[in-house]
Amino acid sequence: MTYEYYSSLALVSSVVVYALAMFAHAAEWAAARRLGVANPAVRELVDVAAADGRPAPSEMPPERSDTRPDAVEGRGQPDPASDAESSPSSRRRVEQFGRMGVALTVIGFLLSVAGVLTRALAAQRAPWGNMFEFTITAMVFVVGAYLILVWRAGLRWLGLPVTLLAAVGNGLAVTVFYVAVAPLVPALHSVWFLIHIVAAAISGAAFNVGGLMSILYLIKKRAEDRGTVRGYLGRLPDARKIDLIAYRFLAFAFPLWTFTVVAGAIWAEYAWGRYWGWDPKETWALVTWVIYACYLHARSTAGWRGTRAAVIAIIGLASFWFNFIGINLLVSGLHSYAGI
Amino acid sequence: MTTIKTREPAPESSKPAPQADLPRLGWRGGLRYLWTQLTSMRTALILLFALALAAIPGSLVPQRRVSPVRVTDFMTEHPTLGPIYDKLGLFNVYASSWFSAIYLLLFVSLVGCIIPRIGVYAKALRARPPKTPRNLARLPAYTASETANSDYDVLHRAAAALRQRHYRVDVGDDSVAAERGYLREAGNLVFHISLVFVLIGVAIGALFGFRGTSVVIVGQGFSNNLTQYDDFSAGARFTDADLAPFSVNLKDFDVKFETGPVQRGAARLFRANVEVTEGPGAAPRQEILEVNKPLHIGGTKVHLIGHGYAPKVTVKDAQGNVAFSGPVVMLPQDGNFSSIGAIKAPDARPERLAFEAFFFPTAMLDDQGPRSIFPDALNPALFVNVWYGPPKVETGRPENVYSLDTTGLSQLKEADGQPVRIGLKVGDGVNLPGGKGSIQLDGWVRWVKLQIGATPGVPISLIALGVAVMGLCLSLFVRPRRVWIRIRRGEAGPSVVEVGGLDRADARAGLTEDVAELAAELSQRPEDVSVR
Ligand code: HEM
């Protein structure tokens, strides 16, 4: 048995475990449906300076929910609507499914970290030489960031989309993108390449989480506008807050992405003798960058914040994914990764 | 005992905006300011969108600058669409007038946006924190607590605490006003100004830079003057005198390919040993040139960007004289280096000879036709078709060295009318039918393609980008915040310290906590305060 074998085994298992985690979160939400309007189980992550459409302060729970969401769940302000419909046992079930989801996600995370590390051991180099390796690394960053947020800020409501993304990401990696271990082609022997790829994986992770939140924002906002917030949606924080958290992710990702593109240009100079050659991959990296610059501008433009900004963030994510998958598979360019 | 009452951020819609209490530029000025801000941001937004959209076609339609061959293919495949695309500039998007128009407009708008903001910022730099609003309770974060300390003591401790937290502080009679986060706007300006410098750097590179390539056979050399380039392009302000007089001798070139089952044939190593002479009379120095490790010679960089094979052949004419001898550079056609080229012997007599040549480093001959199945030279073979014709008058017109112009030539045929095809292994020599002469494959050498170029503006762009990223981080992560503290004297009981706070940027965390912490600190007795 080789490291390569263990790596594949760990990654395939991680896909299964992430899928199970996703089902657990789905069950959590399904169970929550029957709870009617529940308290959003989140700790205040963001101070909302100008929250609109929220209940007046006197109606807010008097204590700040500084504790973990699980604790809040138990002793949170009883909500008349949910109390009428829900029994403690169904509340407990929601809680159990939620915890199960997070526990499975932790297991999936450890498996996928193990998959990346054994891959590195198998290849005897940093595991960032091709699309497969990039994807499994980026998924480690996505899930890692999510778990930190669950631990520090009670963002468990992000569990469903994140486990979905992780299952799909690693699933695509082990099926479509998989390439056997091989050394790097000479063009990739560069420290700038490593910097470039790691920065891309981290900012990509943040773009993905930010994009998922923007989607949740749009759904929640629509429900809020129609007054149909219940079940699943009732457990999300209010739209305004989702928007702010999404912004923080994207604001973190943007400078890093800028750096990623610059590092890529420097690497291109070493490898191909030019900083910028309008290669399809480079072009789409720039397009993605410009779209997120639009997003940041949109947020400070009256009439564009909120829904329109969220739509731009989603377009940005689409562009990121197109660059990653579409360009690699459809368009030939210098960046075509070895083996795929 | 002190009591602390902390409140959640207040919703804006349920009451007048708290900013209404703050001093303003005056409502006319304010409106105009808002209006310019709004319109220009809209413009910037639309132009940015346009830029993103305009960049897309260039990644989907083949580009002349990147791969002229694919453009030609596209034109033949789409006879109606092709010319339309060509008119629209879709084969050269990034130099097209509409693409240039968008980014130039964007940068005009950028400059138009930066200049007034520098003025505004210069004033803001010297500005004092805004006066304490009448009603602190209306601010998004607010805490009131009783204190037994003297007013003077509270205010001065508040001022000290805020200064320690890097606030700009004004102490009044019964209140303290403080503001921080001026660097946010500075960072934003630095970022936008840097973008202009990035463009300036790019423009300098485009005006004064040059880039060209030259194929150099192992054992031969390159000296940096225009005649030695195979292709060359330079900016409008470039002159030939800008070419530094260096030369590079290619002593040998190592290549290794993957021989294992995974990614078989992928490149694993390219390494050229070269001897660089900086100028006439300078001592030569030995250097190693690899992919990712260009040579730096003065301001010029030499990159290794390609390689291939040059079979060494000897052609004798009908009279038995050597009409041509030496390596012939052939162009690789696929990943296994099946290569094509032309061997020309214009000096052969009585008739000149020419050969269409195919070189396969690892030749495979089967019913699919001859081809190469591995990029390394494991089983090299040369295949030629033979042409002959009357001697040509030297016109001095440049000829393509890689392909054969057959005008004035006839193809050599067998007795049965089939064209003569000759296959040669290293060391093989074959007499041409009809006593036309002979051709021999003596061996082969490798050649490398060097790219020689200089892009003078790049350091400016790179430094500007570094500064831009730093400015961006300031702009995104600095949290502008205003805090006010007021003492309300109790008629009979203890005084009340009010602390109010306002965040001036989105997505800022911790305002409520900070305000509460400050209030707690101020309502403690001095002796309880741990010295920080
Ligand atoms: C080359 C094109 C441009 C790019 C890539 C770009 C990028 C950005 C980015 C990333 C931000 C976010 C930083 C922050 O939120 O503080 C920003 C903010 C801003 N940009 Fe631009 N920008 C461009 C052109 C312009 C132009 C032409 C204007 C003038 C109309 C402008 C005005 C602003 C303003 C006022 C802000 C601050 C918004 C705020 O404080 O929230 N930008 N820009």
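Residues numbered from 1 in each chain as written. Chains lettered and ligands numbered in written order. Predicted model: local features only at pLDDT ≥ 70, side-chain atom pairs only at ≥ 80, totals over all residues. Heavy atoms only, no water.

Participant: Any details on the overall build of chain B? Residues and values, ideally.
Facilitator: Along its length, chain B carries nine helices and 25 strands. Against the 2.2 N^0.38 benchmark of 24 Å for 532 residues, chain B shows a C-alpha radius of gyration of 38 Å, more extended than a compact globule. Buried positions account for 46% of the 532 residues belonging to chain B. Contacts in chain B between residues at least 24 apart in sequence constitute 64% of all its contacts with a sequence separation of at least 6. As displayed, chain B has an accessible area near 27000 Å², and 58% of this comes from carbon and sulfur atoms. Taking the 58 positively charged and 50 negatively charged side chains of chain B as two groups, their mean positions are separated by 7 Å. (Helix = DSSP H or I, 4+ residues; strand = E, 2+ residues; numbered from the N terminus. Rg over C-alpha atoms; globule rule 2.2 N^0.38 Å. Buried < 20%, exposed > 50% of the residue type's maximum accessible area, 1.4 Å probe, protein only. Contact = heavy atoms within 4.5 Å. Areas by Shrake-Rupley, 256 points an atom, 1.4 Å probe, with all protein chains shown as cover. Lys, Arg positive; Asp, Glu negative; His and termini not counted. Charge placed at Lys NZ, Arg CZ, Asp CG, Glu CD.)

Participant: Describe in detail helix H9 (residues 511–523) of chain B, supporting the description with residues and values.
Facilitator: Think of an α-helix as turning once every 3.6 residues; residues three or four places apart then point the same way. Its 13 residues place the ends of H9(B) 18 Å apart at the C-alpha level, agreeing with the 18 Å of an ideal helix rising 1.5 Å per residue. Three or more residues of H9(B) are buried, namely Leu511(B), Thr512(B), Val515(B), Ala516(B), Leu518(B), Ala519(B), Glu521(B), Leu522(B) and Ser523(B). (Expected span 1.5 Å × (residues − 1).)

Participant: Would you mind going over the layout of surface pockets in detail, with residue names and values included?
Facilitator: Residue and element names in this part refer to chain B. Put simply, the second largest pocket is a space of about 530 Å³. Taken together, 21 residues line the second largest pocket, and the ones lying closest to its centre are Lys 344, Arg 352, Lys 392, Glu 394 and Glu 399. Of all the secondary structure elements, the ones that give two or more residues to the lining of the second largest pocket are strand S15 (339–345) and strand S16 (352–360). Tallied by class, residues from the lining of the second largest pocket come to nine nonpolar, three polar and nine charged. (1 Å grid on protein atoms, 1.4 Å probe; cavity = no way out; pocket = protein on both sides within 12 Å on 5 of 7 lines; lining within 4 Å. Points joined across faces, edges and corners; volume = space filled by probe spheres on them. Nonpolar A, V, L, I, M, F, W, Y, C, P; charged D, E, K, R; others polar.)

Participant: Can you tell me about the site of the ligand, naming the residues and giving the values?
Facilitator: The environment of the ligand is made up of 24 residues, and the closest members are His297(A), Ser109(B), Cys113(B), His192(B) and Ser475(B). In this structure, the ligand is bordered by residues of chains A and B. Only helix H9 (280–299) of chain A together with helix H1 (27–55), helix H5 (97–126), helix H7 (182–208) and helix H8 (458–477) of chain B provide two or more residues apiece to the shell around the ligand. Here the shell around the ligand is composed, by residue class, of 14 nonpolar, eight polar and two charged. (Near = heavy atom within 4 Å.)

Participant: So what about the coordination of the iron atom of the ligand? Which residues, and what values?
Facilitator: Surrounding the iron atom of the ligand are the protein donor atoms His297(A) (NE2) and His192(B) (NE2), which sit 1.9 Å from the metal. Relative to the metal, the six donor atoms surrounding the iron atom of the ligand lie at angles of 73 to 179°, and the coordination shape comes out octahedral. A residue pair is termed interchain when its members come from two chains, as with His297(A) in helix H9 and His192(B) in helix H7. By relative accessible area, His192(B) is classed as buried at 9%. (Donors = N, O, S within 2.8 Å, 3.2 Å for Na, K, Ca; no water. Tetrahedral: all angles 85-135°; square planar, octahedral: opposite > 155°, others 65-115°.)

Participant: Help me get a handle on the nonpolar core, residues and values and all.
Facilitator: Residues and elements named next belong to chain A. Of all hydrophobic cores here, the largest spans 119 residues; its most connected members are Trp 157, Leu 158, Met 213 and Tyr 295. When residues of this core are assigned to their parent elements, the largest contribution, 16 residues, is made by helix H8 (residues 239–272). Not counting residues up to four positions away in its chain, the partners in contact with Tyr 295 are Ala 246, Tyr 247, Leu 250, Ala 309, Ile 312 and Ala 313. (Core = buried A, V, L, I, M, F, W, Y, C linked by side-chain atoms within 4.5 Å.)

Participant: Break down empty space enclosed by the protein for me, with residues and values.
Facilitator: Which parts of space are left empty comes out when a probe the size of a water molecule is rolled across the atoms. Residues and elements named next belong to chain A. Under the criterion given, the structure shown has five cavities of 30 Å³ or more. Forming the walls of the largest cavity are 13 residues, and the residues nearest its centre are Phe 134, Ala 138, Met 139, Asn 208 and Phe 320. Elements with a minimum of two residues in the lining of the largest cavity: helix H5 (131–153), helix H7 (191–226) and helix H10 (307–330). Class assignment for the residues of the lining of the largest cavity results in 10 nonpolar, three polar and no charged.

Everything listed here is a matter of geometry and, on its own, says nothing about what the molecule does.
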